[in-house]
Every structure is written in C-alpha cells, then in structure tokens.
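The chain contents come next:
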Amino acid sequence: MSANPEPARDPIAIIGAGCRLPGAAGPSAFWDLLEGECDTVGEIPADRLPAQVRDRIGTRSGGFLDGIDRFDAAFFSISPHEALRIDPQHRLLIEVTWEAIEDAGIPARRLAGTRTAVYTSCLWSDYWDRLRRAGLYDMHAAIGGGNWGNLPGRISYLFDLRGPSMSVEATCSTSLVAVHLACRELWAGRTDMAIVGGVNLLLAPDIYIGLSDAGILSPRGRCRFGDAGADGYVRSEAAVSLLLKPYSRAVADGDRIYASIIGTAVNSNGRGAGTLIAAGVQGQEAMLREAYDDAGISPGQVEYVEAHGPGTPSGDLTELTALGRVLGEGREPGRRCLVGSAKSNIGHGEGAAGLVGLLKTALALRHRTIPATLHVKQPHPVFDEPGMPMELVRRTQAWPERPWPATAGVSSFGLSATNAHVVLTEAPTPVPAPRRRRAAAYLLPLSAPDARALPALARRYAGALPATGLHDLCYSAGDRRTHHDHRMAAVGSGPRELAASLRSFGSGAVPQSVVLGNSPAGTPPRVVYVFPGQGAQWTGMARGLMSESQVFARRLRECDRAIRDESGWSVIDRLRDDRPLSGTDEIQPTLWAVQVALAAVWDAWGIRPDLVIGHSMGEIAAATVAGALTVRQGAAVVCRRSHLLAGLGRSGAMWAVHLDEHQAREAIGDRSERVCVGVVNSSHSCVLAGDADAVAEVVEPLRRSGVFCKQVQVDYASHAPQVEPIRDALLNALADIRPRAGSVPLHSTLLDEVVDGSGMDAAYWMENLRRPVRFASAVRSVLSGGEPVLFVEMSPHPLLTAAVEDEIAAAPVAATAVPSVQRDEPELECLLRGLAVAYVRGCDPDWSRVYPGARYVALPHYPWQHRRFWVDVPDDPALTAPGTGDAGAPDTVVPDTVVPDTVADLVPAADAAVPAPEGPFEGAELATSSLDAVTQYLVLRSASILGMSPEEVDLDVPLTVHGLDSVLAAKLSAQIKADLGVHVRVGELLRHRPLGLLTGELYEAAAQGGRTSVAEPAS
C-alpha cells in the first residue's frame, strides 16, 4: 500500500483526544501517569473471571476500567430499554468520542452535517453472550450487542456525521490501521475530518484461555518490552478516540494541535513469517520503509518510536530487528533513536492498543518529553549488537534537540499478520497570547442536558479558573462548547469572584451573580429591542463602557460627530463632565447617542433584533438602529426637535399613574380638553399629560386614594396639545429627512402597527411628539405571537422593563425583559448580566465578539450522569468447566432502570386493576375518560416501552428525546391500537414535538368513537 507523497501534502493534525485507560480518565491523566512512570496494572477483579478460570490461565494481572456497567443514556437520547442492550464497549466509546469532540472544541452543531468520517476498532463481543443467555433477542440487542459494524454507524448517527463510517478489524493492529484509512481519506480530500476510535473490554474468559494455552500471557503479570526476560503480555481494557483534521484548516480554525501525522503505511506479512500469527521481520521492515517514504523523511530523522512492544519474546525480537535495519539509514553515528512502549504502564489494549500508542506519542511530542518504559531489568541483547541505532527509554527525559521538528513513529502489529506504522511530528509552538488588560467583568456560560449535572460542572470550572486566563476560558466555554437546554451563566469581575460563585452554585445555592434558565432546543427567543423616552439619564453614565467596550465607543464617536455637526457640542465631552445634563436639547441627543451605542453592543454580541419598539423620543433611536434613518438623519431629528422643544419653556406637565387606560380616562373626567392620556405603558400604567394645573387636579385625589403617582421630569407636556406651537417649525426643520425602508421591522407606537420605517418623515416625527404612545399595545402584539420573546431595553437605566413585565405576566408565553445598564452600577457587568439572561433563555451569542482576540483553551469535561445498564447472569458452567456441561436455559433479566409494564396507576385503588400491556386491556373507557387520564395512560405506556420510570417522562419534550426510535415507536403504536382502538402512526410518534401535544390529539381521537386515527398532517 505504497504512496508517493505530494510535495505540498497537508499534514493531518490531531486536534482532539479522549480516553479511558487503567488509572487514567482522560489525556491529561494519561500524561500524568506516563510522566510519573506509574504502573496501573493490577489483579484481575473477582467479578470479571470465575475463580476456576483465574486459576487455569496462569496470570492474575490485567489493566481494568471501573464503572463499565454505567452509561449516560439520556445525554444521547437513548432509551433505557435500548441502553441495556448496547454493548458496554460501544457505550464507552460513544462517551469517549464525545470527550474527544469536547477536547477539540467543536460544538455539535458545527460538526453536524459535515463529511466527517468514523473508523472504529472493537474486536470482541462478550456482552452478546450475556444478552443471548438472558433471552434478549430483539432488534436492539441484535444491533447493539451482536453487531460490530453498528458502532461507527451509531456514532455517525448521534453526531449527524456524513462521511464514511465503518468498523475495521485487523486484530491488535486494527486501531492504527483505522488511522491509516482516515488519513488516506483526508489526504484525498474526500472528508472534512475523521474520528478514529478503539475500545477493548474484557468481559468473558474465552480469549484468556486461548492466549494462556498458547503461552502468550505473562506469568509475572507485566508487559516487559525490551527486557531480556520478557515473558508475555498482560491484557488491558482501553478506550481511545482521536479527532483528525487537515493541518492548515486546524490552524485557520484556531484549534489546539497535539501533533501532526505526516505519513502512514500498512501491509501484511503474507507467508513471509512462516505462520499466520507469527511476527515477520521482512514484512515489518518493508512497512517501515513505506511509512517513512510516505512521510517524505529519512528514517534517521526519527528520534523516538513507540513500539508495538507487547513483551513477548519472539514479538520483541522481531520488532526490534526490523526497526534496527531501518532506523540506522541516514542517522549520524552515535545518535541513537529511542524506543519504548506504553504497554509497560497499562498493559496491552489489544484492538485499541495502536491508538493508545499514538496518543502517548502525540502527548510526548506536545510536552517534548519521552516517558520511560518500565519493568526493564536487563535490556534485550539485540540492543548490544554492533551498529544498533536504537536505545531503550529507561528514564523519562527531555526530547532531543535537533535542527528539524521533533519526529516520531508508532507501530502496531496483530495476529492477523497486518502491520501498521504512523509517522508524526510536533506541532509548531503557538505564538504567545498578547497581554490583555483585565476586563471589568466576565461572563462564563455553562450548560447541560440534565439539570443535575450543572452543579458538578460548575465545581469543575471553579477548579480550572485559577490556572487559566479568564478571557480565553470564557470565550472557549461560549464558542467552543455545545450548548444544551439547561443553562447557567456566572458574571464576575475576576477569577476569585467567579470561582466563588461557581462553588456556591455547586454546593446548592444560587448567588445573585448566577443566572439560571431553560432553553428548549431549537427554539431561540424572538429578540425585541425597546428604546424608552426621556428620563433615564444620570451623571457618569456611559463612562465605563466608553473605556471598556470598543464597539460602544466606536458607535458613540459616530453619533458624537453627527451631533457636533448638528449642534456644535460634543456628547462625549458632556458624558465626561461631572455637571448634570440640563435642558431637553442636551438630554435627548445624549440619550439617543447612548441608546444607539448600546444597541451596537448587543448587535455585535450576536443578540440581534427581530423587531424594534421605540417609546416617544426613543423611536428616533429605534429608527436609527432599524436602518430607517442614518446616524446623521437620526442626529438631525433628535437635535432639531429637542432644540424646538427647549423653546417651549414650562408649557405643561406629565405624571405617571398606576392605572389602566380606562381608569385613567375616568380619572380625567371632564378635564379632557386640558388633560389627556399621553402614554399607555402597560395594563397598569399610563402617563397623563397636559396643562400643569389641570393634571395636578387629576392627580391629587388619586394620590389621596393610594394610587401610585409620580411626576415625569420634563419641562413640557408631550403627546398633548401643548406641543402644537412648534408644528410648523418642526415640519420645516425636518423637511430634508428622507427615510428609507429599514433592515429590521419597527412596531410604531404612534400607528400601533409594524412598519418598515420608510414613512418616518417630518410629519411622522411631529405626530410622534403630539399623539399618544401606544407602547402597551405594541408589547401585547409581540406577545400574541405565542413564541418565546426576549425584550432588551436600550437605556442607561431601565424605564420600561417593569411595564413590559406587567404585560408578560398576563401573557401565556415564555418571555423575559432585561435592562442594559442600571444607574450607578458597573456598566459592563450590567450588560453582561443581561447577556447572561439572553443566553439562558436560548440566545446564541457571538462569543468571538464578546471576547475579541481570544484563543481556545482546554476546558473541563461534562460530568456524566451515569446509571447502571447491565445484564446480570450467573457464571456459565460451560466456561468454568470447558468442554463439559450445559449452559442451561437463559436467565430472566430485569435491569435496574426498567419499570414493570403496568398502567394500574390509571385507576383508583378501589377499581379493578388495569392489566399489563402484554395482556388484554380492559381499561380503555377509563383511560380515555378525560385528558388527564389519557395523559397518564400515554406516560405509563411510553415509560414501559422505553424502560423508564413514569416520573422521568417529560410532557414538554418529544418522545424521541427519551430515545424513542422506529422500532419502539412501532411497539407503542401497536399497543395504543390494541388498548384504545386508536391508530397512531409511527411517523406521528417520531415527530419532533412535545408529548403533551400528542396526548391532546389522542384524547380527541378516542372521544370520536375510538376506532379513529391520529394521522400525520399533510405536507
């Protein structure tokens, strides 16, 4: 399988890694184990092999993993029914692959739909024997426990990967052969990325007996590669998954790179070794030459080889001899190549061993350190042969310094006579990150599909904070992680504050610095920007953001130039001045500029408006942000109009009253010619405007009766006849304004309808000043859509958030109102707190703009919420006494996650019990007597088929989230038809909609006479 390298062939970067190895749950832990020269091989656990087998096989040692019976099925939307039937090797590799994807910093949504290939190695299927003996012969058992090829397909399905997907088998060289195949596809340009995984669990004694009888297992219980007294290998459990990507793309995408693959080769010994299972010097020698030729380097450039190195006498001699014949070529005299094997630390991972060696070597290149090979008392005599170019690594040491990048090779061989070798080089040293000024505040977003995982995740991040720069860590948590339904966000001024908040949340509290929320997948809220009128100004506003937000400062400077050209004074100078703003012609232009600049920040952060609403003068900023007015036009409207208003003097008054519109008009009574309802903010809040004395006459009895009343700090009465004197002057001043259709719809609070802004000319801005503000109606219109909504108030202090919340409280939709900034509070922290609310409500911020210039850094992994899924069967007599006896009948299995098939809870205890689903169902009339009864029925039936408890079935999510697939859907459909006489199509059960909607349709169908259908809607 030779290939001539192309001159410009892109290396293949290893950008993500996950592993579960004896004594090491993750790449960092594995490196600690290697660097610390640790041996994690121990005694074979008593529950893995019967005592009779342990006595027979002649070894008591192995490398084993804990918790192989446990799995987070709910994370992957796999039902307990199916999870029980999936081979634990498959379950383990699924989790480890997710950890590799997390390690690579690729959110699932960016991976979905890509031509990412999946190659897996899984040699044994011991769990299938358990399933058969337990009598589990259904489809899920067949594809989950008895089919090796289903593992890569399941990974591709779970992550929606569209590249090649296949299981590879070449005995112990399998996983490195899979790497070779993946690299070939990547080099050919047929795939975008590749996932290569290998897994090995030791669940049955069969292979132990065969290997022991052949004298391959070490009686002393250690892999002693390179030792003169090596006597065999030790079996080990292992799971490794690596994510591969073309190097140039990895660099462009800002990925962390462990190492780069520059060449691979695979061949077979053929008949060259004399027997099928014997190692062959000629075959290995040819394969090594192919690999280095493919990499375009001389073997003399290789400084380290991670050998297959199982520690068998013949295997070690063959491998070392072949390496010795090749590695001397082009090598300077006296400069030996180092060689070692991770099997001395953790044992032989068999089908996953090649990936274990590859991961070890990538870590060694990354750390520029070569770990020691253990258990060597006397090096093999082959090392003393004249001209031998190799030396065994007996102590952990720094990587040799050479004029070229650090280079290594990894070998893997198998009893199938298949040989594989991969050539790697170190990744270039990243350019040091520039020193950054510490920000005034940070936002750290976290999420989980299971709310119970969030506290544990928070504790993990709290532990990671001191060692990682906050700017990069918060960016990575936002931009390079998958965001799930259950969300939290912590806001703090530094690592100490954030860590304290996370620890507090992790212990069960919810501090004020933490925001919690739930965001149903795929349903981000509709974003509505709200721009209030006058009254939010305060001395010192915007100063923090001018120094802390480049986006805010840049947009504010643009507004400042436009105002300076219009009015001859600087907004920025006034904001920096300690004198309070005074006069309408100072206050309104300044507020307009701040509002427009705040909107620019939210927009840059990715919280972009679907609609804007302006309140009184706030509609000028709304029109500017929507694009109906340019910045210069917006400045012209606000400056010219406020200048004319300043000339009105004290021509009226305005009072906010806690009354609805009808009550306000009743209070005005016969004073309607002098007082009017100028603003309707909410169902409970209006603003009265008009003649100062007349308004006072209306307000006084209201105050005496306990109605909340507050005077608005303005010098005139807008939205009332008192502004009519400036009509002609204003129309003339704004005659040159030519609005255009904006890019964002605007709900006009003047017209009480959604407009594109093209009609917002001089006449519009006069009527905006004169006629009532129908703000409450605009908010109600938004809420009537039935979809989630996020209202964001663009103001230096909230004026309308409470009014919006009044309307939200009366609406049957999920909606939230957030302010941008609050008076006298740290402005960036306030904004980030608002962004935190947007995030937990389902928005997807642009984290690269929230944290500009940030780099991806490693993050803590998701804390799995494991449950036990295991078929417990007694020891098989056929295995404990080979060649004799009978396995007997299959044992009955009831896993701890499966609930009994019963719907007895549907009826009161005094009534007759409802039979279990398998039997005749005589409770149809009772089960369909009400919507609640149908709901209980469907929950119980669904739980029974999915293998869940009824309490775990969530009516607000589709059954597919709980793991319903086409097989289980067919069962549920048949059961409903048998029980209730209602035909629910399989496709209807698999639709992505909440279960609660299906119960309503089922109830209606049953109420129509029973023998009807819940059909799929026409497309």
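Residues numbered from 1 in each chain as written. Predicted model: local features only at pLDDT ≥ 70, side-chain atom pairs only at ≥ 80, totals over all residues. Heavy atoms only, no water.

- An unreviewed UniProt entry lists the protein under the name Polyketide synthase, with Microbispora corallina as the source organism.

### What about the confidence of the model for the protein?
For step 1, the next point in the chain: Of all residues in the protein, 92% have pLDDT values of 70 or greater, and the mean over the chain is 90.
For step 2, the next point in the chain: Across residues 1–6, where pLDDT falls below 50, the model places 11 contacts with residues more than four positions away in sequence or in other chains.
For step 3, the next point in the chain: Here residues 877–920 scores under 50 on pLDDT; set against residues more than four positions off or in separate chains, the count is 77 contacts. (pLDDT = per-residue confidence, 0-100. Contact = heavy atoms within 4.5 Å.)

### A closer look at helix H29 (residues 775–783)
For step 1, the next point in the chain: Here H29 has its buried residues at Phe775, Ala776, Ala778, Val779, Val782 and Leu783. Buried residues of H29, viewed axially, fall in a sector of 160°; they line one side. (Buried < 20%, exposed > 50% of the residue type's maximum accessible area, 1.4 Å probe, protein only. Helix = DSSP H or I, 4+ residues; strand = E, 2+ residues; numbered from the N terminus. Arc of directions from axis to C-beta.)

### Comments concerning the environment of Ile86
For step 1, the next point in the chain: Within the secondary structure layout, Ile86 lies in the loop between helix H3 (80–85) and helix H4 (88–104).
For step 2, the next point in the chain: Discounting residues that sit within four places of it in the chain, Ile86 has contacts with Ile78, Arg91, Tyr127, Gly144 and Arg154.

### Quick look at the sheet that holds strand E23 (residues 675–682)
For step 1, the next point in the chain: The antiparallel open sheet is built from four strands, whose spatial order is E23-E24-E22-E25. Taken across any chain shown, the strands that pair with only one partner, and hence form the sheet edges, are E23 and strand E25 (709–711). Each adjacent strand pair in this sheet contributes to an overall mean axis angle of 25°, direction not counted.
For step 2, the next point in the chain: The pairing of E23 with strand E24 (residues 685–690) spans six bridges and is antiparallel. Following the sheet pairing, Cys676 is matched in E24 by Ala689. (Pairing = 2+ DSSP bridges. Axes fitted to C-alpha atoms, helices over the stretch in contact; angles between N-to-C directions.)

### Here's the deal with the side chain of Asp126
For step 1, the next point in the chain: Position of Asp126 among the secondary structure elements: in helix H6 (residues 126–133).
For step 2, the next point in the chain: The side chain of Asp126 sits in the buried core without any salt bridge; Arg235 is the nearest counter-charge, 6.0 Å away.
For step 3, the next point in the chain: In terms of polar contacts, Asp126 uses its side chain to reach the backbone amide nitrogen of Ala204, at 3.2 Å.
For step 4, the next point in the chain: When near neighbours in sequence (up to four residues on either side) are disregarded, Asp126 contacts Leu201, Leu202, Leu203 and Ala204. (Lys, Arg positive; Asp, Glu negative; His and termini not counted. Salt bridge = Lys/Arg side-chain N within 4 Å of Asp/Glu carboxyl O. Polar contact = N/O pair within 3.5 Å; in protein donor to acceptor, adjacent residues only side chain to side chain.)

### Comments concerning the packing of aromatic side chains
For step 1, the next point in the chain: Under the criterion given, the structure shown has 15 aromatic pairs.
For step 2, the next point in the chain: Measuring from ring centre to ring centre gives 5.3 Å for Tyr127 and Trp870, while their planes differ by 50°; the resulting arrangement is tilted. Placement of Tyr127 in helix H6 and of Trp870 in the loop between strand E30 (867–868) and helix H33 (877–880) is noted, with a sequence separation of 743 residues between them. For the pair formed by Tyr127 and Trp870, the shared burial category is buried.
For step 3, the next point in the chain: Taken together, Phe71, Phe75, Phe76, Trp98, Phe159, Tyr862 and Trp864 form an aromatic cluster joined through their ring pairs. (Phe/Tyr/Trp six-rings, centres within 6.5 Å; stacked < 30°, edge-to-face > 60°.)

### Considering the pattern of salt bridges
For step 1, the next point in the chain: Taken as a whole and assessed by the stated rule, the structure comprises 60 salt bridges.
For step 2, the next point in the chain: Among the salt bridges present, the one from Asp450 reaches Arg452, with a minimum N-O distance of 2.8 Å.
For step 3, the next point in the chain: Within this structure, Lys245, Asp253, Asp255 and Arg480 form a network of salt bridges that share partners.

### Section: the sheet that holds strand E20 (residues 526–531)
For step 1, the next point in the chain: Pairing within the open sheet is mixed, and its six strands lie in the order E27-E26-E21-E20-E28-E29. Since the sheet does not close on itself, it has two edges, and those belong to strand E27 (753–755) and strand E29 (815–819), each with one partner. Sheet twist, expressed as the mean angle between neighbouring strand axes with direction ignored, is 30°.
For step 2, the next point in the chain: In this structure, E20 lies alongside strand E21 (residues 611–614), joined through four bridges in parallel fashion. The partner of Val528 across the bridge, within E21, is Leu611.

### A few points about the nonpolar core
The tendency in soluble globular proteins is for nonpolar side chains to be buried as a group.
For step 1, the next point in the chain: Leu502, Phe552, Trp592 and Trp602 are the most contacted members of the largest nonpolar core, which has 164 residues in total.
For step 2, the next point in the chain: The element that contributes the greatest number of residues to this core is helix H22 (residues 584–604), accounting for 13 residues.
For step 3, the next point in the chain: Setting aside residues up to four positions removed in sequence, Leu502 forms contacts with Leu444, Leu446, Ala458, Tyr461, Ala462, Leu465, Met488 and Ala490.
For step 4, the next point in the chain: Counting 54 residues, the second largest nonpolar core, distinct from the first, contains Leu33, Leu242, Ala259 and Leu359. (Core = buried A, V, L, I, M, F, W, Y, C linked by side-chain atoms within 4.5 Å.)

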